[in-house]
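Examination of the molecular architecture
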Amino acid sequence: MNFSKKAIYLTAFALVALICPLLAQTRQTKEEYIDRYKQIAIDHMERYGIPASITLAQGILESDSGNSNLARRSNNHFGIKCKTGWKGDRVYHTDDAPDECFRKYDSVEDSYEDHAEFLDQSPRYDSLFAYSSSDYRSWARGLKAAGYATAPDYAERLTRIIEDNQLFLFDEDNGAELYAARRRAAEGKIEDDFAAHSSVDMPATTSGHVDPNNYRVPERTYNGYSVFVNNRTHYIVARNGDSFSRIASTFGLTERTLRKYNEISPKSTADPIEGELIYIEQKQSKWLGERATHIVLPNETTTSVAQMYAIRLKRLLRLNHLKRDASLTAGQSLKLN
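From a predicted model like this one, the values you see are computed outputs, not experimental measurements.

A closer look at the pairing of strand β2 (residues 100–103)
Residues E100 and F102 line one face of β2 and the alternating positions C101 and R103 line the opposite face, and both faces are buried. Bridge count between strand β1 (residues 90–93) and β2: four bridges; the pairing is antiparallel. By the bridge assignment, H93 is partnered in β2 with E100.

Some details on the side chain of T233
Within the secondary structure layout, T233 lies in strand β5 (residues 233–237). Note on T233: relative accessible area 0%, which makes it buried. In this structure the side chain of T233 is engaged in a polar contact, spanning 3.2 Å, whose partner is the backbone oxygen of N231. Leave out the neighbours within four places in its chain, and T233 touches F228, Y279, E281, Q282, K283, Q284 and A310.

Focus on the pairing of strand β4 (residues 225–230)
Of all six residues in β4, five are buried; the element is thus mostly enclosed. Two elements, β4 and β5, share three bridges in a ladder whose sense is antiparallel. Residue F228 lies in a different strand from β5, and its bridge partner there is Y235. Following β4, the chain reverses through two residues before pairing antiparallel with β5; N231 in that reversal takes a positive phi of roughly 55 degrees.

A look at the nonpolar core
Of all hydrophobic cores here, the largest spans 48 residues; its most connected members are Y148 and L167. Contributing elements (two or more residues each) for this core: α2 (30–48), α3 (52–63), α5 (108–121), α6 (136–145), α7 (154–164) and α8 (175–186). Of all the elements, α2 adds the most residues to this core, at eight residues. The residues contacting Y148, other than those within four sequence positions of it, are Q58, E62, F78, I80, H115, F118, L119, Y125, L143 and Y154. Counting 13 residues, the second-largest nonpolar core is a separate cluster that includes V227, A238, F244 and I247.

Rules of the game
Residues numbered from 1 in each chain as written. Predicted model: local features only at pLDDT ≥ 70, side-chain atom pairs only at ≥ 80, totals over all residues. Heavy atoms only, no water. Buried < 20%, exposed > 50% of the residue type's maximum accessible area, 1.4 Å probe, protein only. Helix = DSSP H or I, 4+ residues; strand = E, 2+ residues; numbered from the N terminus. Pairing = 2+ DSSP bridges. Polar contact = N/O pair within 3.5 Å; in protein donor to acceptor, adjacent residues only side chain to side chain. Contact = heavy atoms within 4.5 Å. Core = buried A, V, L, I, M, F, W, Y, C linked by side-chain atoms within 4.5 Å.

Pasting the structure below:
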């Protein structure tokens, strides 16, 4: 059957008219992006100490909420370039220069995992981990200062995304619930819950943690270990014959991550001694208890004080203007927050 050119053109035009709206509908909204990846960001905050708001804001900015050409081609949501030592797949994309090499992932989840490890393992970003996981403004400025992006207003862009979308809620305890409740309130969907009958904007929440001053109250047991909370940070007490490998395996961590949580060199082969506190998540950037200072006892070190209060060593040193190898003297006063 023969068709005239006019009929072919009309058919092609009709197909384009049908396809274009469908393509437009596939564009992911910012809200959809947040809903899809918020839990990964929260998990990484708990595991690495990176604010969930920062992770989501970087994903939104670097990937255009998952819609950029690079993100679609490579699942790369954080604009991480190949760099020296990258052994995985790669794609080439024009960014600051033509045809630059970018990492390619099998899934978006892999991109999120690599982003967390990239910040966690790169010495240039070490200073960021002195900040609290709720201090998104310092993290945004720190990322720019460390050279994560070349845009001169990179920190301001991240901060604007976080505040416009209230991503800072994810940095709080029960962040996902807080964000969902705020969304419902904004959409006028709170009818029968607590907020509909309360004079406050949001229902009160509790963290579920014990008093940070009372850190030897067991919260629960897990695979034979009593799990305690000190300064909102979970830990166990090492038993006779324990190893970092065994503890890490028990709690679904890598041995390197467990050593990092306890600020032990990944090159160290030493195992914990009986009675030693071993933290199974990232320590806090300050002491959240009532005491504001610690009076040094004989033979204490900055490392042992940081472990005692579940404070990151870099933050403790920074609070007290000390160097890492600084020695302490009995009676010396150390700031804790």
